[in-house]
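Working through the structure, step by step
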Amino acid sequence: MNLGDISNIISFILSDRKPDLVLTAGEFERILHVCQLKQFKRKIGLPEEYQPGTAIPAQVYEISKVITDDLAPFKVIMGGDNPPLNVDDKGEATLPSDFFYPSALTYKYIKESGEIVLREVELLSDKEYNKRLASFVKRPSRKFPVGNICGNKIRFYPYTLKFVDMVYLCVPPKPVYGTSYGKGYQKYDPATSTELLWNDVNIIDIISLFMNELGLNIPSSDLIAYSNQNKQTGI
């Protein structure tokens, strides 16, 4: 579904449930973006759902193929055919501006034989990072490097890694509902729009969240029915 379809479905529902409510394009974009961020957070794993010693949240990134596939449009790969993460002389690297969640960090370790092998960069909390650097037994090395996120940077040890490959999830781009004028009225224009990257199943969930923002609790089954009605009427 594109933004035109989403807008039509929402307008179709509002005409039935809240006929006096009219949304501007700006309000539509803002609420839709808030709702897709909620869906994004839910798919990664809501931190407020997790308590130490209890089961993990119902949805967590890469816990199942479905969730991994749902979030695939937001996966960014640094390294390989793409530029890697550059590490400066202080062992720090600036995170991409759209960075949200780290999935994997690897480093190309060169053995004495010249063979290059991939080593996982273990991402640690502040406390564990400092603890490991102070450890005589578990002190990080080029063979067993570690990293720690600090604001918009990652600090690495040892400092001499230079380049690190990273896979991360980016923040979903904000939707833009583009319009153009034709036949005397304003209409949806896909050429100037920034679409949601989600598949249709997730978009149904996002529309449900959108309705909740407007004070309407509509089950997904009803939303699918509205979507089918909208297609049949061609509105």
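Details of the structure are given in the entry above.
As a convention, each chain's residues are numbered from 1 in the sequence order in which they are written. Reporting in this predicted model follows two pLDDT cut-offs: at least 70 for local features of residues, and 80 or more for side-chain atom pairs to be given and counted; totals over whole chains, interfaces and linings ignore these cut-offs and use all residues. Side-chain figures throughout are based on the complete set of non-hydrogen atoms in the structure, without hydrogens or water.

Two rings from Phe, Tyr or Trp (for Trp, the six-membered ring) form a pair when their centres are within 6.5 Å of each other. A pair whose planes differ by under 30 degrees is stacked, one over 60 is edge-to-face, and the rest are tilted. Under the definition given, this model contains nine aromatic pairs. A ring pair is formed by F40 and F74, whose centres lie 5.4 Å apart and whose planes are at 70°; its orientation type is edge-to-face. Highlighted residues: F40 in helix α2 (residues 25-44) and F74 in the loop between α3 (65-70) and β1 (75-78), separated in sequence by 34 residues. Their ring planes at 75° and their centres at 6.5 Å tell us that F40 and W198 sit as a pair that is edge-to-face. Pair noted here: F40 is in helix α2 and W198 is in the loop between β11 (185-188) and α5 (200-213), with a separation of 158 residues, a long-range link. Both residues of the pair, F40 and W198, count as buried. Among the aromatic side chains, those forming a connected cluster through ring pairs are F28, Y177, Y188 and F210. In this arrangement the basic side chain of R119 is found over the ring face of F144, its NZ or CZ atom lying 4.7 Å from the centre. Here a strand is any run of E in DSSP of at least two residues, a helix any run of H or I of at least four, and the numbering for each starts at the N terminus. Think of it in three bands: residues with accessible area under 20% of the maximum for their type are buried, residues over 50% are exposed, and the middle band is partly exposed, with areas taken using a 1.4 Å probe on protein chains only. Over a ring means this: the NZ of a Lys or the CZ of an Arg is within 6 Å of the ring centre and within 35 degrees of the ring normal.

In terms of nonpolar packing, the biggest core is built from 50 residues, with I6, F156, M166, F210 and M211 touching the most fellow members. Among the secondary structure elements, those contributing two or more residues to this core are α1 (3-17), α2, β4 (99-110), β8 (153-157), β9 (163-170), α5 and α6 (220-233). Judged by nonpolar contacts, the second largest core, of five residues, contains L124, L133, V146 and Y157. Put simply, buried Ala, Val, Leu, Ile, Met, Phe, Trp, Tyr and Cys residues joined by side-chain atoms within 4.5 Å make one nonpolar core.

With mixed pairing, four strands are arranged side by side in an open sheet as β3-β8-β7-β6. For this open sheet the edge positions go to β3 (92-94) and β6 (122-123), each flanked by a neighbour on one side alone. Paired strands, as defined in this entry, are two strands with at least two bridges between them according to DSSP. Bridge analysis of strand β7 (residues 146-150) against β8 gives five bridges, and the strand direction is antiparallel. Bridged to C150 within β8 is K153. Against the sheet, helix α4 (residues 126-133) contacts β6, β7 and β8, and its axis sits at roughly 140° relative to β7. Throughout, a residue-residue contact means that at least one pair of heavy atoms, one from each residue, lies within 4.5 Å. Fitted lines through C-alpha atoms give the axes, limited to the stretch in contact for helices. The angle between two N-to-C directions lies from 0 to 180 degrees.

Quick look at the pattern of salt bridges now. When a carboxyl oxygen of Asp or Glu lies within 4 Å of a side-chain nitrogen of Lys or Arg, that pair is called a salt bridge. Counting across every chain of the model gives eight salt bridges. When the shortest N-O distance is used, the salt bridge between K43 and D70 registers 3.0 Å. Of this pair, K43 sits in helix α2 while D70 sits in helix α3, and the two are 27 residues apart along the sequence. With a closest N to O distance of 2.8 Å, D165 and K108 form a salt bridge.

Axis separation between α2 and α5 bottoms out at 9 Å; the angle between their running directions is 120°. With respect to α5, the axis of α2 lies oblique. For α2 against α5, the interelement crossing comes out right-handed. In this structure, α2 uses F28, I31, L32, C35, Q36, K38, Q39, R42 and K43 to contact α5, whose residues at the interface are N202, D205, I206, L209, F210 and E213. Nonpolar residues are Ala, Val, Leu, Ile, Met, Phe, Trp, Tyr, Cys and Pro. Charged residues are Asp, Glu, Lys and Arg, and all others, Gly as well, are polar. Within the contact of α2 with α5, the residues separate by chemical class into seven nonpolar, three polar and five charged. Angles below 35 degrees are treated as roughly parallel, those above 145 as roughly antiparallel, those between 65 and 115 as roughly perpendicular, and all remaining angles as oblique. By convention, the crossing between two helices is left-handed when the near helix turns anticlockwise from the far helix through less than a right angle, and right-handed when the turn is clockwise.

A few words now on α4. Listed as buried for α4 are Y129, R132 and L133. Each buried residue of α4 sits inside an arc of 100° when the element is viewed along its axis, so together they form one side. Along α4, exposed side chains directed more than 90 degrees from the buried face belong to K127 and K131. Turning to α4, the residues buried within the fold contact β6, β7 and β8. The arc in question is formed by the directions pointing from the helix axis toward the C-beta atoms.

Right, let's get into the environment of N212. For N212, the position within the fold is in helix α5. Residues N212 and C35, spaced 177 residues apart in sequence, show a C-alpha to C-alpha distance of 9.4 Å.

Moving on, we get to a nonpolar patch on the surface. Only residues whose relative accessible area exceeds 30% and that form no salt bridge are eligible for patches; like-charged ones are grouped when within 9 Å, while nonpolar side chains (Val, Leu, Ile, Met, Phe, Trp, Tyr) are grouped when within 5 Å. All accessible areas in this document rest on Shrake-Rupley with a 1.4 Å probe, and a residue is counted as covered only by the protein chains that are shown. A cluster of nonpolar side chains, namely L37, F100 and V171, defines an oily patch on the protein surface of about 220 Å² accessible area. Inspection of the secondary structure puts L37 in helix α2.

Let us look at unusual backbone geometry. Here Y157 and P158 are connected by a cis peptide whose omega angle stands at 5°. Looking at where P158 falls in the secondary structure, it is placed in the loop between β8 and β9. A positive phi angle, near 70°, is found at K162, a position not held by glycine. Along the chain, the position of K162 falls in the loop between β8 and β9. When its relative accessible area of 39% is taken as the criterion, K162 is described as partly exposed.

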